[in-house]
Amino acid sequence: MSPFDNREFNGHELVVFSHDESTSLRAIIAVHSTALGPAAGGCRLWPYTSTAAAVTDALRLSRGMSYKNAMAGLPFGGGKAVIVGDVRRKTPALFEAFGRFVDSLGGRYITAEDVGTTTADMESVAKHTRFVAGLNRRPGEFGGDPSPKTALGVFLGIKAAVRFRLGRTSLEGIRVAVQGAGGVGYHLCKLLAQEGAKLHVADVRAEAAQRVRDELGANVVAPESVLMEEVDVLAPCALGAVLNERTIPAIRAPIVAGAANNQLARDADGAALQAAGILYAPDYVINAGGIISVAREYLGGSSESQVVSEIEGIPARLTEIFERARRENRPTNVIADQLARERISHGPRRLVA
Ligand code: NAD
């Protein structure tokens, strides 16, 4: 099936495939839109079982980046790269080959880390292209691993959702189920614990969940049941498509607000959440802290405190979406998509660079 026939093809500007024989690199870069600037979005390394699955993921993720960057007010379009591979077998040479691939697009796409890739991998990428961010920082410099900044935005977004849905201004005693205690999930748990939230944490890597239990006193729950926990907030921080026709009827939390990209299996699942009385914080709005950090690192000229104050804009953006969704009785994801498309079609002049 050609990308044009893929159900996730959404007027993407460019989809390119690369194969490097010496490193066995098999990668796809999808550029959804450059209307607001060069397409920026991370590089995911994942053991896709088929090329079609990898293409679908790249298409979905790159459109999400267009919307995310537009909603975050960044002067970037949306793109994403996926590498088909096994995280246990990745090598610096693989990422150097990927760097040459990124460079071949001449700046139309800017990469960074995502699931399965790290700052160290981006250092290898940077040997062959300048179109990369999320690199190692020297002490005192901001930037680098975006996970803590993503976690900060999600934390502030959870507070906004709790205020809107439960009328509570404090997270003291609020029960939060976190699916995935990786880069973002771990930092999110720390922020939540500091505010007195009660944590229910699951991770398929037992040691990741145990770390949160040992350090923060979290209650470890099974990965199979974390979505169904009786909590106030469900925070998906692992992989996408966890909100679907099978899981939504079983969710007991009145709020879903987490870091994972593409949490809804289909756009229609946003309506199912609304019908179930669950407030959904659109993923690409709440999880924009990382891209804000990466973008400012790439562009230069910003300080750590400026980046933090930009991330502090996330709760107001979410509240605007929640209020409009309630007023118009429409799902939050539909409102967010509409706002993002409006920003993209109005072009870069409306944005605060
Ligand atoms: P990560 O790989 O560091 O962490 C993900 C964690 O989820 C891992 O510990 C993994 O073992 C666990 N996991 C996987 N499947 C699971 C399951 N079924 N149940 C429970 N745990 C499971 O990734 P991350 O950087 O923390 O990102 C998490 C999510 O947030 C991803 O969807 C990513 O795309 C999204 N995101 C991340 C950032 C960022 O700054 N890192 C920014 C925006 C969005």
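Here, the structure is the one placed above.
Residues numbered from 1 in each chain as written. Predicted model: local features only at pLDDT ≥ 70, side-chain atom pairs only at ≥ 80, totals over all residues. Heavy atoms only, no water.

Enquirer: Go over the packing of helix 5 (residues 183-194) against helix 6 (residues 206-216), please, and point to the residues and values.
Expert: Between helix 5 and helix 6, the least distance of the axes is 11 Å, while the angle of their chain directions is 25°. Accordingly, the angle class assigned to the pair helix 5 and helix 6 is roughly parallel. Crossing angle aside, the handedness with which helix 5 passes helix 6 is right-handed. Contacts between helix 5 and helix 6 involve Tyr186, Cys189, Lys190 and Ala193 on the former and, on the latter, Arg211, Val212, Glu215 and Leu216. Looking at the contact of helix 5 with helix 6 residue by residue, the class counts come to five nonpolar, no polar and three charged. (Axes fitted to C-alpha atoms, helices over the stretch in contact; angles between N-to-C directions. Helix = DSSP H or I, 4+ residues; strand = E, 2+ residues; numbered from the N terminus. Parallel < 35°, antiparallel > 145°, perpendicular 65-115°, else oblique. Left-handed = near helix turned anticlockwise from the far one by under 90°. Contact = heavy atoms within 4.5 Å. Nonpolar A, V, L, I, M, F, W, Y, C, P; charged D, E, K, R; others polar.)

Enquirer: Account for the pattern of salt bridges, naming residues and giving values.
Expert: The full count for this structure, using the stated rule, is 23 salt bridges. Residue Arg44 is joined to Asp57 by a salt bridge in which the shortest nitrogen-to-oxygen separation is 3.6 Å. Highlighted residues: Arg44 in strand 4 (residues 43-46) and Asp57 in helix 1 (residues 51-71), separated in sequence by 13 residues. For the pair Arg44 and Asp57, one class covers both residues: buried. Here Glu195 ties to Lys159 by a salt bridge, and the two come within 3.2 Å at their closest N and O atoms. Separated by 36 residues along the polypeptide, Glu195 in the loop between helix 5 and strand 8 (198-202) and Lys159 in helix 4 (residues 147-166) bring together distant segments of the chain. Judged by relative accessible area, Glu195 falls into the partly exposed class, the value being 26%. Within this structure, Arg44, Asp57, Lys80 and Asp114 form a network of salt bridges that share partners. (Salt bridge = Lys/Arg side-chain N within 4 Å of Asp/Glu carboxyl O. Buried < 20%, exposed > 50% of the residue type's maximum accessible area, 1.4 Å probe, protein only.)

Enquirer: Account for the site of the ligand, naming residues and giving values.
Expert: Near the ligand, the surroundings consist of 23 residues, among which Thr150, Val184, Asp203, Arg205 and Ala238 are the closest. One nitrogen or oxygen atom from the side chain of Arg44 is found 2.9 Å from an oxygen atom belonging to the ligand. For the ligand, the protein covers 81% of the area, taking 820 Å² as the surface of the free molecule. When atoms are counted within 2 Å of each cavity's grid points, the one that captures over half of the ligand is the largest pocket. Going through the elements one at a time, helix 4 and helix 5 are the ones with two or more residues in the shell around the ligand. No fewer than three residues from each of domain 1 (3-63 + 78-125) and domain 2 (147-287 + 315-341) sit in the shell around the ligand. (Near = heavy atom within 4 Å. Polar contact = N/O pair within 3.5 Å; in protein donor to acceptor, adjacent residues only side chain to side chain. Areas by Shrake-Rupley, 256 points an atom, 1.4 Å probe, with all protein chains shown as cover. 1 Å grid on protein atoms, 1.4 Å probe; cavity = no way out; pocket = protein on both sides within 12 Å on 5 of 7 lines; lining within 4 Å. Sits in = over half its atoms within 2 Å of the grid points. Domains from an automatic or database assignment.)

Enquirer: Could you give me a rundown of the state of the cysteines, with the residues and numbers involved?
Expert: Applying the stated rule across the entire model yields zero disulfides. Cys189 carries a free sulfur, and the closest cysteine sulfur to it, the one in Cys237, is 7.5 Å from it. A relative accessible area of 11% means that Cys237 is categorised as buried. (Disulfide = S-S within 2.5 Å.)

Enquirer: Could you give me a rundown of the sheet that holds strand 9 (residues 219-220), with the residues and numbers involved?
Expert: What the six strands build is an open sheet, ordered 9-8-7-10-11-12; its pairing is parallel. The open sheet has two edge strands, strand 9 and strand 12 (279-280), and neither has a second partner. Two strands pair when backbone bridges link them, and strand 7 (residues 175-179) and strand 8 are joined in this way by five bridges, in the parallel orientation. Paired with Arg175 across the bridge in strand 8 is Lys198. (Pairing = 2+ DSSP bridges.)

Enquirer: Give me the side chain of Thr119: which residues, what numbers.
Expert: Note on placement: Thr119 falls in helix 3 (residues 119-125). Judged by its relative accessible area of 16%, Thr119 is buried. Among the polar contacts listed, one links the side chain of Thr119 to the side chain of Asn136, at a separation of 3.2 Å. Beyond its immediate stretch of four places on either side in the chain, Thr119 contacts Glu113, Gly134, Leu135, Asn136, Gly144 and Asp145.

Enquirer: Run through the layout of surface pockets, naming residues and quoting values.
Expert: Quantified by volume, the largest pocket comes out at close to 1200 Å³. Mapped onto the lining of the largest pocket, the elements with two or more residues apiece are strand 4, helix 1, helix 4, helix 5 and helix 9 (289-299). Sorting elements by how many residues they give to the lining of the largest pocket places helix 5 first, with four residues. Residues belonging to the lining of the largest pocket are distributed by class as follows: 18 nonpolar, 16 polar and nine charged. Built from parts of two domains, the lining of the largest pocket gets at least three residues from each of domain 1 (3-63 + 78-125) and domain 2 (147-287 + 315-341). Estimated volume of the second largest pocket: approximately 380 Å³. Arg60, Arg63, Asn262, Leu264 and Asp267 are, among the 24 residues lining the second largest pocket, the residues nearest its centre. At the level of secondary structure, the elements contributing two or more residues to the lining of the second largest pocket comprise helix 1, helix 8 (283-286) and helix 12 (332-346). Broken down by element, the lining of the second largest pocket gets its largest block of residues, seven residues, from helix 1. Residues that form the lining of the second largest pocket fall into these classes: eight nonpolar, six polar and ten charged. Two domains share the lining of the second largest pocket, each providing at least three of its residues, namely domain 1 (3-63 + 78-125) and domain 2 (147-287 + 315-341). (Points joined across faces, edges and corners; volume = space filled by probe spheres on them.)

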